[in-house]
Amino acid sequence: MSPAAPPEIALTELPGHYIRRLHQISVGIFMQEAEPWGVTPVQYAALQTVRNQPGVDQRSLARLIALDTSTIGGVIDRLEARGLLQRNAAPGDRRVRQLTLTPAGQQLLADVIPAMRRVQDRLLEPLQPQEQAAFMEMLERMVNTNNALSRAPSGVVGER
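Each value, and the rule that gives it
Per chain, residues are indexed from 1 in the order of the written sequence. Thresholds applied to this predicted model are a pLDDT of at least 70 for local features of residues and 80 or more for the giving and counting of side-chain atom pairs; totals over whole chains, interfaces and linings are not thresholded and use all residues. With hydrogens and water stripped out, all remaining heavy atoms of the structure feed into the side-chain values. Any two rings among Phe, Tyr and Trp, with Trp reduced to its six-membered ring, count as a pair given centres within 6.5 Å; such a pair is stacked if its planes are under 30 degrees apart, edge-to-face if over 60, and tilted if neither. Numbering goes from the N terminus for both helices and strands, where a helix is a DSSP run of H or I of at least four residues and a strand is a run of E of at least two. Burial here depends on accessible area, computed with a 1.4 Å probe over protein chains only, as a share of the maximum for the residue type. Under 20% is buried, over 50% is exposed, and the range in between is partly exposed. DSSP bridges decide pairing: two strands pair if at least two such bridges lie between them. Whenever Lys or Arg places a side-chain nitrogen within 4 Å of a carboxyl oxygen from Asp or Glu, that contact is recorded as a salt bridge.

J.: Help me out: how do you make sense of the packing of aromatic side chains in this one?
T.: This model, assessed by the stated rule, comprises one aromatic pair. Residues F30 and Y44 carry aromatic rings whose centres are separated by 6.2 Å and whose planes lie at 50° to one another, so their mutual orientation is tilted. Separated by 14 residues along the polypeptide, F30 in helix α1 (residues 15–34) and Y44 in helix α2 (residues 41–52) bring together distant segments of the chain. By the burial criterion, F30 is buried, and Y44 matches it.

Structure representation (structure tokens):
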């Protein structure tokens, strides 16, 4: 007996397909805009979060940007090797490594912010201003509502 043929399903009917495509587009635009600085979207998120919370530890950083702890280790290794951030032992617990931006990291972040803002503008450009606000609200609601279903849930919900 042969197995039943699966039903035909148009990918264009699946929100997950469009979300994956939008992520690909977002990364592609970011890489175009940030090429002179050689920084990825995840590296930008790490740098910006360390800037926003100097002394954040590696585990907390992973939670704040929704990465697993093994992935964040490689990201930090690469940023540290480039001289953009540094790890220091926490005064109360020598096993905990606190992260801070170096002067070079601060400069790179300042330099790349205009490019990052252009990425956001380019992504939202097809929408009218009121649609942009509604899209961001719906996107935030979808992410926050489904946060616990992620392989690496964010420790921050409703940050806007």
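Following the structure, the description resumes.
J.: How should I be thinking about the pairing of strand β2 (residues 93–101) in this particular structure?
T.: The two faces of a sheet get side chains in turn, since along a regular strand they alternate between them. Direction of pairing for strand β1 (residues 85–90) relative to β2: antiparallel, over a ladder of six bridges. The residue of β2 that forms the bridge with A90 is D93. Taking the residues that link successive antiparallel strands as the turn, the β1-β2 hairpin has two residues.

J.: Whenever I open this one, the pattern of salt bridges confuses me. Can you help?
T.: Once the charged atoms of two side chains with opposite charge are near each other, the side chains can pair. Within the structure shown, the criterion is met by four salt bridges. Residue E33 is joined to R122 by a salt bridge in which the shortest nitrogen-to-oxygen separation is 2.9 Å. With E33 in helix α1 and R122 in helix α5 (residues 103–124), this pair connects stretches of sequence that are 89 residues apart. Between D77 and R87 there is a salt bridge, with its nearest N and O atoms 2.2 Å apart. Of this pair, D77 sits in helix α4 (residues 69–81) while R87 sits in strand β1, placing them ten residues apart in sequence. Taking relative accessible area as the criterion, D77 reaches 43% and is therefore assigned partly exposed. What you see here is one network of salt bridges that share partners, running through E33, R118 and R122.

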